[in-house]
Structure formats: structure tokens, C-alpha cells
Amino acid sequence: MKLIGMMDSPYVRRVAVSLELYGIEFNSMPLSVFSTFEEFSRINPVVKAPTVIMDSGLQLMDSTLILHYFEAQSGADHKLLPENHHALAKDLQILGIILAACEKAVQNIYEHNLRPAEKQYQPWIDRVIRQLLAACREWDSLLEGRAIAGRPDQVSVTSTVVWSFIQFMIPTVVPADSFKNIRSIAESCEAMSVFKKYPLC
């Protein structure tokens, strides 16, 4: 099995760390949706990272859909989401907020890095930042009292890779000292070997 995409993408790194925790062997193909666009397009014309190519040749896209498949296949000792319906709903609530923050962070980065300065629309940027910070406040609040008991779960994995990405790319937009619950979990996870195996960059 192959995982296509760069680890500087929080979505790709999310899948890589999760697959490791699921005990799934895979080969990483670090192709960029920018610098190696043509090579990527010959594998997946949509050029969407992450892309997982199964041994059968079947391709899966979108980190959440990829992880849904492997979560369903995993045994009880490898699952990253709770089986209890109430606990699952709570984790999915948090994951939704984290992924919304990630989406807004990516929009902010693309707006500044890909669009010429004279074509940037400040009211749109302000709106995106407002949404990003609102998501981060809710995310931090929902992590209150949450601790990592040994093996990280999916909330911890996703929280860590998204937070590390945000702090690497736009630390001045999202000040670390304002979100201590997120930072605490991220610092704990980044010290683990499974995260060090797939570093952000």
C-alpha cells in the first residue's frame, strides 16, 4: 500500500500517524501537489493529497474517508475512536472543530502564498481569520480536562498534526499561549516516537 503526499500537509501526516497506530504497513510517496503536480497527476488525475493506493489498485482520497475505512477494519486494540455512541459523538464533535480550524488555516496560507498581493481581498482574509480563531477557541475549550492515557486516539492525533501545522505556518495569527489545552496535547504527542517517525518537515 502507498500513501501519496507530503508530511507538511496536516491531512497527509494525520493519515501516516494513524496508519502507524493501526499497525498498517505502507510506503510513503512524498509527492507535492505543487512542485510535482504532473507526476502526481499521472497517479491520481485529481491530484489530491493524501491519496492511498491499496494493494488492489483501488484509490482512496480525503483523510477522513481514508481513516474511516481503516478504523472500520481495525481490531478493538487498535481503534482510534471510541465504540460507545455517546463518546464517539463527542470525539466527532471535536474532530469537526479541529478540521474546520485546519481548513481556515489552509485558506489563510493559500491566500497569502498563492494569490498576488494586489489581488488579495482583506475583508475575506479578516473573515477567514475570525473563523479560524473561533474554531481554535472552541477546540481548546473542548479539550479541557482531556489527557493522553498512553496511546493517542484520533482526537489527539488530529489535534497534534493540525496544531503543529498552524504553529509552523502562521504562528502570529494563532498565538500559542492563548490555547494551552491544545498546546499541551500537541507537545505530549510530538515527543512520541510515532510522531517523530513522520515529522512535519
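One can find the structure itself at the top, above this paragraph.
Everything quoted here is computed from the prediction, not taken from an experiment.

Draft legend 1. Summary view of the overall build of the protein. When its secondary structure is counted, the protein shows eight helices and four strands. When the helices and strands of the protein are listed from N to C terminus, the series reads β-α-β-α-β-β-α-α-α-α-α-α. Relative to a compact globule of 201 residues, whose C-alpha radius of gyration would be 17 Å, the protein shows 17 Å and is just as compact. Along the three orthogonal principal directions, the C-alpha set of the protein runs to about 50 × 45 × 30 Å. With 201 residues in all, the protein has 44% of them scored as buried. Put simply, of all contacts in the protein between residues at least 6 apart along the chain, 67% involve residues at least 24 apart. Split by element, the accessible area of the protein, about 10600 Å² in all, is 55% carbon and sulfur.

Draft legend 2. Examining the pattern of salt bridges more closely. This structure, assessed with the given rule, holds eight salt bridges. Put simply, Arg13 and Glu190 hold a salt bridge, and the shortest N to O gap is 2.7 Å. In this pair, Arg13 is assigned in helix H1 (residues 10-22) and Glu190 in helix H7 (residues 180-190), connecting sequence segments 177 residues apart. Residue Arg13 is classed as buried on the basis of its relative accessible area of 1%. Of the charged contacts, one joins Glu103 and Lys104 as a salt bridge, the two residues approaching to 4.0 Å between their closest N and O atoms. For Glu103, a relative accessible area of 40% gives the class partly exposed. Beyond isolated ion pairs, a larger network of salt bridges with shared partners links Asp91, Arg146 and Asp153.

Draft legend 3. Structural detail: the nonpolar core. With 56 residues, the main nonpolar core has Leu3, Val52, Leu132, Trp139, Ile166, Val174 and Phe195 as its most contacted residues. In terms of residue count, the dominant contributor to this core is helix H4 (residues 85-113) (eight residues). Setting aside anything within four residues of it in sequence, one finds Leu3 in contact with Val12, Val15, Ala16, Phe26, Asn27, Ser28, Met29, Pro50, Thr51 and Val52.

Draft legend 4. Structural view of H4. Its 29 residues give H4 an end-to-end C-alpha distance of 41 Å, which sits within 8% of 42 Å, the value for a rise of 1.5 Å per residue. Looking at where H4 begins, the residue whose side-chain oxygen comes 3.0 Å from the main-chain nitrogen of His86 is Asn84.

Draft legend 5. Broad picture of unusual backbone geometry. Of the consecutive residues Ala49 and Pro50, the connecting peptide bond is found in the cis state with omega at 0°. Within the element layout of this structure, Pro50 appears in the loop between helix H2 (37-43) and strand E3 (51-53). Phi is positive for Val47, close to 55°, though the residue is something other than glycine. Here Val47 lies in the loop between H2 and E3. With a relative accessible area of 10%, Val47 lands in the buried category. Positive phi is not limited to glycine here, since Asp62 has a value of about 80°. Residue position: Asp62 is located in the loop between strand E4 (59-61) and helix H3 (63-73).

Draft legend 6. Structural view of the packing of helix H5 (residues 122-142) against H7. Put simply, H5 and H7 touch, their axes get as near as 7 Å, and they point 70° apart. Taken together, the axes of H5 and H7 are roughly perpendicular relative to one another. Between H5 and H7, the residues in contact are Cys136, Trp139 and Asp140 and Lys180, Asn181 and Ile182, respectively. Considered class by class, the residues forming the contact of H5 with H7 number three nonpolar, one polar and two charged.

Quick notes on the rules
Along every chain, residues carry numbers that run from 1 in the direction the sequence is written. Note on the predicted model: pLDDT of at least 70 is required for a residue's local features to be given, and 80 or more for side-chain atom pairs to be given and counted; whole-chain, interface and lining totals, by contrast, use all residues. Note: side-chain values were computed over all heavy atoms of the structure, leaving out hydrogens and water. Counting from the N terminus, the helices are the DSSP runs of H or I reaching at least four residues and the strands are the DSSP runs of E reaching at least two. Between the two quantities, the radius of gyration covers C-alpha atoms and the globule rule is 2.2 Å times the number of residues to the power 0.38. Residue exposure (1.4 Å probe, protein chains only): buried if accessible area is under 20% of the type maximum, exposed if over 50%, otherwise partly exposed. Working rule for contacts: check all heavy atoms of both residues, and any pair within 4.5 Å makes them a contact. In this description, accessible areas are obtained by the Shrake-Rupley approach with a 1.4 Å probe, and a residue is regarded as covered only by the protein chains that are shown. For this analysis, a salt bridge means a side-chain nitrogen from Lys or Arg found within 4 Å of a carboxyl oxygen belonging to Asp or Glu. Here the nonpolar core consists of buried residues drawn from Ala, Val, Leu, Ile, Met, Phe, Trp, Tyr and Cys, with membership extended through side-chain atoms lying within 4.5 Å. Working rule for helices: expected span equals 1.5 Å times residues minus one. Polar contacts, as used here, are pairs of N or O atoms within 3.5 Å; protein pairs need one atom able to donate a hydrogen and one able to accept it. Residues neighboring in sequence count only if both atoms are side-chain atoms. Here the axes come from fitting lines to C-alpha atoms, over the contacting stretch only for helices, and the angles between their N-to-C directions go from 0 to 180 degrees. With respect to orientation, any angle under 35 degrees is reported as roughly parallel, any angle over 145 as roughly antiparallel, any angle of 65 to 115 as roughly perpendicular, and every other angle as oblique. Residues are sorted three ways: Asp, Glu, Lys and Arg are charged, Ala, Val, Leu, Ile, Met, Phe, Trp, Tyr, Cys and Pro are nonpolar, and all the rest, Gly among them, are polar.

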